[in-house]
Amino acid sequence: METGNHKSSRKVRLGMRREAVVAENLENEVHHIKRRERERMVGSNYFIEAIGLTKIYDNSIIALNNLTFSTKARILGLIGPNGAGKTTFVRIATGLLKPTRGTIRVLGIDVAKGLKEIKKRISLVPQDVSPDSRATVYEHVVCYLITRGYSIGDARKRAREVLDLFDLRSLRNTTCLRLSGGQRKLVIVAAALAPYEVEAVFLDEPTTGLDPANRIRFWGLISRRVKEGVRVLVTTHEMEEVEERVEEVVMINRGRLVLQDRSQDILSLFKDKICLDILEPNKFHNVFKDRTSLHSVEKIVDLGTAITMYVSKDAYEHLLDILCRHSIEFKIRRCTLKNAFLWWTS
Ligand code: ADP
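Quantities reported herein were computed from a predicted structural model and do not represent experimental measurements. (Residues numbered from 1 in each chain as written. Predicted model: local features only at pLDDT ≥ 70, side-chain atom pairs only at ≥ 80, totals over all residues.)

Glancing now at the site of the ligand. Around the ligand sit Y57, N59, I61, A63, G80, N82, G83, A84, G85, K86, T87 and T88, and those are all the residues in its vicinity. When grouped by side-chain class, the residues that make up the shell around the ligand number four nonpolar, seven polar and one charged. (Near = placed C-beta within 6 Å. Nonpolar A, V, L, I, M, F, W, Y, C, P; charged D, E, K, R; others polar.)

Take the confidence of the model for the protein chain next. Averaged over every residue, the pLDDT of the protein chain is 88; the share at 70 or more is 87%. Note on residues 38-43: pLDDT under 50 across the span, and eight contacts to partners over four residues away in sequence or across chains. (pLDDT = per-residue confidence, 0-100. Contact = placed C-beta atoms within 7 Å.)

This part is about the packing of helix 4 (residues 137-147) against helix 5 (residues 152-165). Viewed as axis vectors pointing N to C, helix 4 and helix 5 meet at an angle of 130 degrees, and their least axial separation amounts to 8 Å. On the basis of their axis angle, the class for helix 4 and helix 5 is oblique. Of the two possible hands of crossing, helix 4 and helix 5 adopt the one that is right-handed. From helix 4, V137, Y138, V141, V142, L145 and I146 reach across to helix 5, where they touch I152, A155, R156, R158, A159, V162 and L163. (Axes fitted to C-alpha atoms, helices over the stretch in contact; angles between N-to-C directions. Helix = DSSP H or I, 4+ residues; strand = E, 2+ residues; numbered from the N terminus. Parallel < 35°, antiparallel > 145°, perpendicular 65-115°, else oblique. Left-handed = near helix turned anticlockwise from the far one by under 90°.)

Bridge analysis of strand 1 (residues 48-56) against strand 4 (residues 101-106) gives five bridges, and the strand direction is antiparallel. When the bridges of strand 4 are listed, I48 appears paired with V106. Where strand 4 meets strand 5 (residues 109-110), two bridges bridge the pair, whose relative direction is antiparallel. Opposite V106, over in strand 5, you have I109 as the bridge partner. Here strand 4 folds back onto strand 5, and the loop between the two strands holds two residues, one of which, L107, carries a positive phi near 55 degrees. (Pairing = 2+ DSSP bridges.)

Further remarks concern unusual backbone geometry. For D128, which is not glycine, the phi torsion reads 50 degrees and is therefore positive. Looking at the element boundaries, D128 is found in the loop between strand 6 (122-125) and helix 4. Even without being glycine, E205 reaches a positive phi, approximately 50 degrees. Looking at where E205 falls in the secondary structure, it is placed in the loop between strand 7 (200-204) and helix 7 (212-227). Exposure remark for E205: the 19 C-beta atoms within 10 Å place this residue in the partly exposed category. (Buried ≥ 20, exposed ≤ 12 C-beta atoms within 10 Å, placed from the backbone.)

Glancing now at the sheet that holds strand 2 (residues 62-71). Strand order in the open sheet formed by four strands is 2-1-4-5, with antiparallel pairing between adjacent strands. At either margin of the open sheet sits one strand with a lone partner, and together these are strand 2 and strand 5. On the sheet, helix 2 (residues 86-93) packs against strand 1, strand 2 and strand 4 and is oriented at approximately 115 degrees with respect to strand 1.

On to the packing of helix 6 (residues 181-193) against helix 7, then. Between helix 6 and helix 7, the shortest axis-to-axis distance is 10 Å and the interhelical angle comes to 5 degrees. Taken together, helix 6 and helix 7 sit at an angle that is classed as roughly parallel. Within the contact between the two elements, helix 6 uses G182, L186, V189, A190 and L193 and helix 7 uses N214, R217, F218, L221 and R225. The class makeup of the residues in the contact of helix 6 with helix 7 is six nonpolar, two polar and two charged.

Counting residues in hydrophobic clusters, the biggest one holds 82 residues, and the most contacted among them are V141 and A190. In terms of residue count, helix 6 provides more of this core than any other element does, eight residues in total. Residue-level mapping places this core at the junction of two domains, with at least three residues from each of domain 2 (48-267) and domain 3 (271-345). Discounting chain neighbours no more than four positions away, the residues touching A190 are V141, V162, F166, L168 and L221. (Core = buried A, V, L, I, M, F, W, Y, C linked by C-beta atoms within 7 Å. Domains from an automatic or database assignment.)

Turning our attention to the sheet that holds strand 13 (residues 307-312). Backbone hydrogen bonds hold the strands of a sheet together, and the pairing may be parallel or antiparallel. Spatially, the four strands line up as an open sheet ordered 12-13-11-14, and their pairing is antiparallel. Lying at the two open borders of the sheet, with one neighbouring strand each, are strand 12 (297-302) and strand 14 (330-334). Strand after strand, the sheet turns through a mean of 25 degrees between neighbouring axes, direction not considered. By the bridge criterion, five bridges tie strand 11 (residues 273-278) to strand 14 in an arrangement that is antiparallel. Bridge pairing in strand 14 links C275 to R333. Strands in contact with helix 12 (residues 337-345) are strand 11, strand 12 and strand 13; relative to strand 13, the strand with the most contacts, it is inclined by about 95 degrees.

Counting buried residues along strand 7, five of its five residues qualify, which places the element largely inside the surrounding structure. Along strand 7, one buried face is formed by A200, F202 and D204 and the opposite face, lined by V201 and L203, is buried too. Note that strand 6 and strand 7 share four bridges and pair parallel. What sits directly across from L124, in strand 7, is F202. Of the strand pairs in this sheet, strand 7 and strand 8 (residues 231-235) are connected by five bridges, and their pairing is parallel. The residue bridging F202 from the neighbouring strand is L233, located in strand 8. Crossover handedness for the path strand 7 to helix 7 to strand 8: right-handed. (Right-handed = clockwise from strand over helix to strand, strands pointing away.)

Laid out in structure tokens, this is it:
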């Protein structure tokens, strides 16, 4: 009896130990998975990681060509001339379009594998989008929140909150049809920024067509949500905005990365140069048919009706002499981000 009891209690103890080991292993496994999951989600803290991203459309146009960059910026400016591939990039990053090759991770999530998760955590404002013209501003925001999974009650509450927060209270009951183009854009942006759970917003040329006051309002909405931890990618042609508002710039041209830097650091690359705008382009074209006498000029951006010369601060006096000798009017000024943009993309 005793021996039997002893044996069975040993079995029980062994069994319990095995269970404990299994439970411990399971706990470790869960812990490991959770850690990996956390690292995958937020651990890297990257906003965007693009690796060899390539998009070739059906008509053989290569819109993105092996584009590789990563950023932790809170506000990223994606810039480049028309046709550079900005919209294609935004559509791929938000899962609307599949790349031909390469990988893109947004907030640490591989867009190809975690599209459902991505869609919960980001929002997109495409180019040329307008709110439903029959809805009021308030209804538009409520409907947007409902499409994102909010209950009617929660959507109403959050819509009121957001319109107050973004100073759009006075437009609350206005039908979208009656809004100006700029106001419509603001309403679309406000809705995109409204969901609490949104961690990143992609805005494709959001400020095109906004007057200066609406532009300021737009950046006000953005900076409120950025302070709360929302990341923003904005494509724009407004270099002044990029200089003032954007934390980091990614410049692309013909689908390739041209440069990635903070706007102040881009400008500092030009600190030893000055820009000369030629005020009489026709005369300039006639006098300088061959440009050998302009050897001190580092680069000429000639857009036909507007010519800008980039010259080192050490060498510009020689150039002034030549221009004065030919009585060509010009203006001297510091190089701006717009000039930096033209330097690389013209
Ligand atoms: P950006 O936004 O910088 O102006 P896009 O991404 O719109 O550039 O376009 C990049 C290139 O891809 C352009 O040459 C454009 O004509 C081409 N493109 C864009 N969308 C399509 C499409 N759906 N089918 C074929 N070519 C396209």
